[in-house]
Amino acid sequence: AKAVPLLEQVTRACNGVAFDGGRPRALLALGRARESLGEKPRACEAYRLVLHGWGEARPPSRSAAFARERVRVLGCGR
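Residues numbered from 1 in each chain as written. Predicted model: local features only at pLDDT ≥ 70, side-chain atom pairs only at ≥ 80, totals over all residues. Heavy atoms only, no water.

Undergrad: Break down the packing of aromatic side chains for me, citing the residues and quoting the values.
TA: Within this structure, the stated rule accounts for one aromatic pair. Measuring from ring centre to ring centre gives 6.3 Å for Y47 and F66, while their planes differ by 75°; the resulting arrangement is edge-to-face. Placement of the pair is Y47 in helix 3 (residues 40-54) and F66 in helix 4 (residues 62-74), with a sequence separation of 19 residues. Assessed through its relative accessible area of 31%, F66 is described here as partly exposed. (Phe/Tyr/Trp six-rings, centres within 6.5 Å; stacked < 30°, edge-to-face > 60°. Helix = DSSP H or I, 4+ residues; strand = E, 2+ residues; numbered from the N terminus. Buried < 20%, exposed > 50% of the residue type's maximum accessible area, 1.4 Å probe, protein only.)

Here's what the structure looks like:
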C-alpha cells in the first residue's frame, strides 16, 4: 500500500512521451500492488497500459506477456 503513491508518481512522470523500460516496469509493479490490495479495476488499468506500450513489441516483451496473463486471470474484459 505504501508503494502505490510512489509508483503512481513514477508512471505519471513519463506521461507517455518516452515509453522506456522504467515506465512499463513501474506499471507492472503498480498493477501487482493494486492486485494485492484488491483493487482489480485499477490493476487492470495498469496492466492494459503496459500492453498499450509493449503489447506488440518484437521480439515479444516478457513484461507484456506477464501483463497479458494477469489481464486474462483477472478477467479484465475490454
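Undergrad: I'd like to hear about the pattern of salt bridges, residue by residue, with values.
TA: Under the definition given, this model contains four salt bridges. Between R70 and E35 there is a salt bridge; the shortest N-O distance is 2.5 Å. Of this pair, R70 sits in helix 4 while E35 sits in helix 2 (residues 22-36), and the two are 35 residues apart along the sequence. On the basis of relative accessible area, E35 is assigned to the partly exposed category, the value being 23%. Of the charged contacts, one joins R72 and E69 as a salt bridge, the two residues approaching to 2.6 Å between their closest N and O atoms. (Salt bridge = Lys/Arg side-chain N within 4 Å of Asp/Glu carboxyl O.)

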